[in-house]
Every structure is written in C-alpha cells, then in structure tokens.
Amino acid sequence: MSDVWGEPIALAHARSLRAAFVRANKNGWCYFPPFLCAFSLPPNRVVRVLKRGDCICLLIERPDGVDLLCPPVPFVADVFEDLIGELVAFNGARSTRILWVDTADAAQLDATRFVLKEKDAEYLYDPGLIAKADGQTFRDLRKRTHRFEREHNAQFRKLLAEDIEACHVLLKYWRKRQGRKHSFLLDWGYTRAALDSFSEWPFELLQGWCVEIDGHLKAFALVGEMQPDLAQFFVAKTDPD
C-alpha cells in the first residue's frame, strides 16, 4: 500500500505518540505505544500512523480495507470528517469502522451516523493501596499472598532479555491450558510480538517484571507509563497451575 494512509507504526514513533497522547489527556488502554506496535501484525493487520495538520491519525490496514483505530488525536472535527469521507470512498461497499472510541470522543460523534457499541469497561487501581493491603477489603488478597509466600520460594524481579525464551515457553503453556478455553482472550498475537521486541525498547517506555519460583519463571508482565500519574500493564501472564 502507498503512503496515502501514513507509515507503518514502528518504535521510532513511540515518543511522539506518547507526547501527543499526554497532551490530549488520553488514558484509554489503546493509547499505549508499546501495545500499538505489538498490535500491528503484518501482513494481515498493520497499524499505520498518519499526520493531518496538528493531528495524529491511527489507522488499521487489513487485506479487505482500512479503518480508523481511534479518532484523530487531538479530536478535530474537520480532520475527522475528511478522513472518514476518504475511508468510505476507499472501502467502497465495505462498512468503515472505528475500533476504539473513548468517552470524550464518543460525545462528539453524530449518533445518527455512527453506531456505538460498548466493548469493555476499564478499571484503574492505586498500586499503593494494593501493596499496603489494609482493611477488610483486602482480606482475601492478604490471605492468598501470605499462603503463596509460605508455600513457594518466589522472587519478584525485573524482566531481562535472557528471560524472553522462558516467557515464550510460559505463554505457549498458558495458551494450551487457558487461552483456548475462552474466545475473548485474543491477546496471544500481540503478547508474542511484544515479547519478541522487548529488548529493543528503552526502559522508560517499556518495562518488564517477572516472578520466579524455585528458579523457574512462572509469571511475567509488561508495563509502561501513559500519563505522569498513570501506567498500564498491557500484558500479564501467569502459570495457571
């Protein structure tokens, strides 16, 4: 495909994307550059980055057409309308979709032209409260954590490049035991892609953490900053046993 729909996303876009998302106060989980890079899985799904004026537009290219991944950032009505018109003309009889729209952008869409479908309810948590785990609310968490500590020789540490092979082994086992049982667990592809590219990311953009039990890796997570007061674990996998 020509560059009419922008460039395929790459790590080189990450800092400028994050800066744009911070300025626009975007905190939905799809506005996380490491996820966007891992979600792009050529040739069947390519995330593309297109600049229109002061806006960044993220698109999804598939063999059957091109969609918006999300509205332009920041949302500018004229840019949005022009882009939708171009996509509709390009896709022909195929419906043009927007994969993710947050609450702020949804309020600006014309309900007579767009059908909104709720996909997910997001949640935020305060890691300080979880770590402290005081009070009745966290009683079960304290009991499970203490039991785990008694029964296992576990270590929580940073994920290293040399751990990636073990992460892939665990991911395959997780998929065999857990992932294939549930049709909504669709993160296999981008989790694998994120692991493959992990060592290429600077620490300030993407970090990894893992749990070892008796020297064997049994859990891993990938995380990064989205806003000054917000981080996201977009990958978290544990041995289901």
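In this report, the structure presented in the accompanying data block is examined. (Residues numbered from 1 in each chain as written. Predicted model: local features only at pLDDT ≥ 70, side-chain atom pairs only at ≥ 80, totals over all residues. Heavy atoms only, no water.)

**Focus: a nonpolar patch on the surface**
Put simply, the rule reads: Think of a patch as exposed residues, more than 30% relative accessible area, with no salt bridge, where like charges cluster within 9 Å and nonpolar side chains (Val, Leu, Ile, Met, Phe, Trp, Tyr) cluster within 5 Å. Accessible surface is estimated by sampling points in the Shrake-Rupley manner with a 1.4 Å probe; for residues, cover comes only from the protein chains shown. Salt bridge, as applied in this entry: a Lys or Arg side-chain nitrogen positioned within 4 Å of an Asp or Glu carboxyl oxygen. Strands are runs of DSSP state E lasting at least 2 residues, helices are runs of H or I lasting at least 4, and numbering of each runs from the N terminus. Whether a residue is buried, partly exposed or exposed follows from its accessible area with a 1.4 Å probe, protein chains only, as a fraction of its type maximum: under 20%, in between, or over 50%, in that order.
A surface patch of nonpolar side chains, about 540 Å² in accessible area, is lined by Tyr 123, Tyr 125, Ile 130, Leu 141 and Phe 233. Here Phe 233 shows up in strand β8 (residues 230–238). Judged by relative accessible area, which is 44%, Phe 233 ranks as partly exposed.

**Considerations on the side chain of His 13**
Spelled out, the test is: Two residues qualify as a contact provided that any one of their heavy atoms is within 4.5 Å of a heavy atom in the partner residue.
Along the chain, His 13 falls in the loop between β1 (7–8) and α1 (14–23). Judged by its relative accessible area of 14%, His 13 is buried. Beyond its immediate chain neighbours, meaning those up to four positions away, His 13 contacts Glu 7, Pro 8 and Val 49.

**Regarding the pairing of strand β4 (residues 65–73)**
Under the convention used in this document: One bridge is not enough; two strands pair if DSSP finds at least two bridges between them.
Most of β4 is tucked away: 9 of the 9 residues are buried. Relative to β4, strand β3 (residues 55–62) is paired through 6 bridges, and the arrangement is antiparallel. Of the residues in β4, the one forming a bridge with Arg 62 is Gly 65. Counted between consecutive antiparallel strands, the loop separating β3 from β4 contains 2 residues.

**Focus: the packing of aromatic side chains**
By convention here, two paired aromatic rings are described through the distance between centres and the angle between planes. Operational definition: Any two of the Phe, Tyr and Trp rings considered here, Trp counted by its six-membered ring, make a pair once their centres fall within 6.5 Å; the pair's planes then place it as stacked at under 30 degrees, edge-to-face at over 60, or tilted in between. Sitting over a ring, as applied to charges here, requires NZ of Lys or CZ of Arg to be within 6 Å of the ring centre and within 35 degrees of the ring normal.
Applying the stated criterion across every chain, the model contains 15 aromatic pairs. Relative to Phe 234, the ring of Phe 35 lies with its centre 6.5 Å away and its plane at 75°, an arrangement referred to as edge-to-face. Of the two residues, Phe 35 is situated in helix α2 (residues 33–39) and Phe 234 in strand β8; the sequence distance between them amounts to 199 residues. With respect to class, Phe 35 is no different from Phe 234; both count as buried. Arranged with centres 6.5 Å apart and planes meeting at 65°, the rings of Phe 39 and Tyr 190 form a pair that is edge-to-face. Residue Phe 39 is found in helix α2, and its partner Tyr 190 is found in helix α8 (residues 188–197); the two are separated by 151 residues along the sequence. Three or more aromatic residues joined by ring pairs make a cluster, and in this case those are Trp 29, Phe 32, Phe 35, Phe 39, Trp 100, Tyr 190 and Phe 234. One cation-aromatic arrangement involves Arg 45 over Phe 39; the distance from NZ or CZ to the ring centre is 3.7 Å.

Any link to function would need more than the numbers given here.
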